[in-house]
Amino acid sequence: MMINVGTNTIETERLILRRFEYEDNASMRRNWVADAEVQWGYGEPAYVTEEEARELLDKYISSYEKENYYRWAVIDKDTNECIGQIAYYLVDSKNNYAEIEYCIGSAFQGKGYATEAAKAVISYGFEKICLNRVQICCRTVNEASRKVIEKCGLIYEGTLRDFFWRVDHYEGRMYYSILRDEYYSKV
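Residues numbered from 1 in each chain as written. Predicted model: local features only at pLDDT ≥ 70, side-chain atom pairs only at ≥ 80, totals over all residues. Heavy atoms only, no water.

With respect to the pairing of strand E3 (residues 70-76)
(1) Moving on: Where burial is concerned, most of E3 is hidden: seven out of the seven residues are buried.
(2) Moving on: Here E3 shows a buried face lined by Tyr70, Trp72, Val74 and Asp76 and a second buried face lined by Arg71, Ala73 and Ile75.
(3) Moving on: Bridge analysis of strand E2 (residues 15-18) against E3 gives four bridges, and the strand direction is antiparallel. Counted as the bridge partner of arginine 18 is alanine 73 from E3.
(4) Moving on: For E3 and strand E4 (residues 81-92), the ladder comprises seven bridges, and the chain directions are antiparallel. Pairing of alanine 73 across the sheet is with glutamine 85, part of E4.
(5) Moving on: From the end of E3 to the start of E4, which pair antiparallel, there are four residues, and asparagine 80 there has a positive phi angle of about 60°. (Buried < 20%, exposed > 50% of the residue type's maximum accessible area, 1.4 Å probe, protein only. Helix = DSSP H or I, 4+ residues; strand = E, 2+ residues; numbered from the N terminus. Pairing = 2+ DSSP bridges.)

Observations regarding the nonpolar core
(1) Moving on: Leu17, Trp72, Ile86, Tyr88, Ile100 and Ile122 are the most contacted members of the largest nonpolar core, which has 38 residues in total.
(2) Moving on: Put simply, the parts of the chain that give this core at least two residues each are E2, E3, E4, strand E5 (97-104), helix H4 (113-127), strand E6 (133-139), helix H5 (143-151) and strand E8 (169-179).
(3) Moving on: By residue number, the principal contributor to this core is H4, which donates nine residues.
(4) Moving on: Within the second largest apolar cluster, 16 residues are counted, among which are Phe20, Leu56, Tyr69 and Cys82. (Core = buried A, V, L, I, M, F, W, Y, C linked by side-chain atoms within 4.5 Å.)

As structure tokens, then:
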């Protein structure tokens, strides 16, 4: 049975995953949230101005009141910069599963930060929230995200064809998951 514990700080070798704070506004804009290409790939608009980012932070921060809200700022320990975000954006208490989404700034991609953050959040899901299933989806053309998912040990389940409309074409959505017993057999 799920235990909703909310968003608590997680520390990894190179990262601190913690609740967003208003002081993250500048580094968020500098590192990822104002980058139209990064945000387009993530499926969100770019938040370029301080006010736009503040409105996004208002949404994130006010949601921490809910015990089933899980969204972390991805903080680089060396610089204390917010380099991205990761969340259980879909939490299903009835069926005991959650889906992860993540976004890392382009200057920090390809360095293992997304994998490190995702592994930590997967562990949090099984060990703290007591989930039975964690899933992550990605667009069929997002090779980098697919590699992150596979490095985290998730199993490919299938592709929903023509799931996303992307300006002038459709793209599929690939589903991956890991179950509680699979996670604990690998730990």
